[in-house]
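# Coordinate inspection notes
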Amino acid sequence: MKMYRILLTFLAIILACSVSEAFLDRKTQQKVNGICKQTPDTRFCSSVFAKSMIPSSPSNKDLMNMTVRQAERFSANTNFFISTLLRNAGDEKPDLQMCAEAYTIVDMAFTNAVSYFDQGLYNNILKLQKKVSRGVSICKTDFIVPGYKINPLIEKNRDAMVFMAMEKIVSRMVAS
Ligand SMILES: *[C@@H]1O[C@H](CO)[C@@H](O)[C@H](O)[C@H]1NC(C)=O
């Protein structure tokens, strides 16, 4: 019984350590807060950083790397998500097709952002905002998606704009 308790305590300590690794250090957290407060959705922005931070004291360039890669992943996933909705679509099909077109544009912009980052062309990322905004505006969300209380693309559109805002902010930080 005693042994069992020691083992449990030991496991709890291990768990606590591995969980705390998922949090950001204070300085990084402050930096992330500074970035996220400038976006339309602070919480979503913070969750993106919290989910994907690898280095313990990331440089601005690390933050930017993470941002452009997460944005690209988001747009590719959204493209895929829309294609799955289209597979069983009824009346909402034309609207979904517009959104598929929209996210092809958004995904192209976010894919370009990754390659601009890799080439060190940080200022070029600012030019992608128009494309992302245009893409998002093509995806109208005033239709019903069967199985969803709220059209899930409303959230995707919002997230796309938050990602774009994040890219803009971090690219300015890296370029300056
Ligand atoms: C960016 O992140 C990717 C994957 O996390 C990594 O392989 C790459 O080396 C990073 N690039 C830079 C310039 O930090």
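Residues numbered from 1 in each chain as written. Predicted model: local features only at pLDDT ≥ 70, side-chain atom pairs only at ≥ 80, totals over all residues. Heavy atoms only, no water.

What counts is decided by this rule: UniProt positions are given in the numbering used here, feature names are shortened, and annotations may be inferred rather than shown by experiment.
Going by the annotation in an unreviewed UniProt entry, the name recorded for the protein chain is Pectinesterase inhibitor domain-containing protein, with Arabis nemorensis given as the source organism. Under the UniProt heading Sequence similarities (unreviewed entry), the entry covering the protein chain gives this text: "Belongs to the PMEI family."

### Let's talk about the site of the ligand
Threshold: In this text, near means that some heavy atom of the residue lies within 4 Å of the molecule or strand in question. Any pair of nitrogen or oxygen atoms within 3.5 Å is treated as a polar contact; in protein, a donor-acceptor pairing is required on top of that, and neighbouring residues in sequence qualify only through side-chain atoms on both sides. Only the protein chains shown count as cover for residues, and all accessible areas are computed by the Shrake-Rupley method using a 1.4 Å probe.
Asn-65, Arg-69 and Phe-117 make up every residue found near the ligand. Between the ligand and Asn-65, the relevant distance is 2.3 Å, taken from an oxygen atom to a side-chain nitrogen or oxygen of the residue. At 3.3 Å, a side-chain N or O of Arg-69 approaches an oxygen atom of the ligand. Protein coverage of the free-state accessible area of the ligand, which is 360 Å², stands at 39%.

### Some words on the layout of surface pockets
Operational definition: Only protein atoms enter the 1 Å grid used here. Points where a 1.4 Å probe fits but cannot escape make up a cavity, open sets with protein on both sides within 12 Å along at least five of seven lines make up a pocket, and a residue lines them when an atom lies within 4 Å of a point. Grid points are joined across faces, edges and corners, and a volume is the space filled by probe spheres set on the points. Runs of E in the DSSP output that reach at least two residues are strands. Runs of H or I that reach at least four are helices, and both are numbered from the N terminus. The residue classification treats Ala, Val, Leu, Ile, Met, Phe, Trp, Tyr, Cys and Pro as nonpolar and Asp, Glu, Lys and Arg as charged. All others, Gly included, are polar.
What the largest pocket holds in volume is close to 240 Å³. Considering every element that reaches the lining of the largest pocket, the biggest residue donor is helix H4 (residues 60-87), with six residues. Its residues assigned to classes, the lining of the largest pocket shows five nonpolar, four polar and three charged.

### Here we look at the packing of helix H6 (residues 129-138) against helix H7 (residues 152-175)
Put simply, the test is: Lines are fitted to the C-alpha atoms to define the axes, a helix being fitted only along its stretch in contact, and any angle between axes, read from their N-to-C directions, falls within 0 to 180 degrees. Just so you know how the angles are binned, under 35 degrees is roughly parallel, over 145 roughly antiparallel, 65 to 115 roughly perpendicular, and the rest oblique. Should any heavy atoms of two residues lie within 4.5 Å, those residues are counted as being in contact.
Contact pair H6 / H7: the axes reach a minimum separation of 10 Å and the direction vectors enclose 175°. By the angle between their directions, the pair H6 and H7 is classed as roughly antiparallel. Of the residues in H7, those in contact with Gln-129, Val-132, Ser-133 and Val-136 of H6 are Asn-157, Ala-160, Met-161, Met-164 and Lys-168.

### Let's talk about the nonpolar core
Short version of the rule: Only buried Ala, Val, Leu, Ile, Met, Phe, Trp, Tyr and Cys residues count toward a nonpolar core, and they belong to the same one when joined by side-chain atoms within 4.5 Å. Whether a residue is buried, partly exposed or exposed follows from its accessible area with a 1.4 Å probe, protein chains only, as a fraction of its type maximum: under 20%, in between, or over 50%, in that order.
Within the largest apolar cluster, 48 residues are counted, with the highest numbers of intra-cluster contacts made by Phe-49, Met-64, Tyr-103, Phe-110, Leu-153 and Phe-163. Take this core: its biggest share by element is eleven residues, from helix H5 (residues 93-119). Beyond its immediate sequence surroundings of up to four residues, Met-64 is in contact with Phe-117, Tyr-122, Ile-125, Val-170, Ser-171 and Val-174.

### What to know about helix H2 (residues 26-36)
The line we're drawing: It is the directions from the helix axis to the C-beta atoms that the arc portrays.
When we look at burial in H2, the residues that qualify are Thr-28, Val-32, Ile-35 and Cys-36. Each buried residue of H2 lies within a common arc of 90° when the element is viewed along its axis, so the set occupies one face. Residues Arg-26, Lys-27 and Gln-30 are exposed on H2 and point more than 90 degrees away from its buried face. On the buried face of H2, the contacting elements are helix H3 (42-52), H4 and H7.

### Some points on the state of the cysteines
Definition in use: Sulfur atoms of two cysteines make up a disulfide when they are within 2.5 Å.
Within this structure, the stated rule accounts for two disulfides. The side chain of Cys-99 participates in a disulfide bridge whose partner is Cys-139; the two sulfur atoms lie 2.1 Å from each other. On the sign convention where negative is left-handed, the bridge of Cys-99 and Cys-139, at about 85° about the S-S bond, is right-handed. Taken as a pair, Cys-99 in helix H5 and Cys-139 in the loop between H6 and H7 lie far apart in primary sequence, 40 residues in all. Cys-139 matches Cys-99 in its accessibility class, with the two residues each being buried. The disulfide pattern of the protein chain is 1-2, 3-4 when the bonded cysteines are numbered in sequence order.

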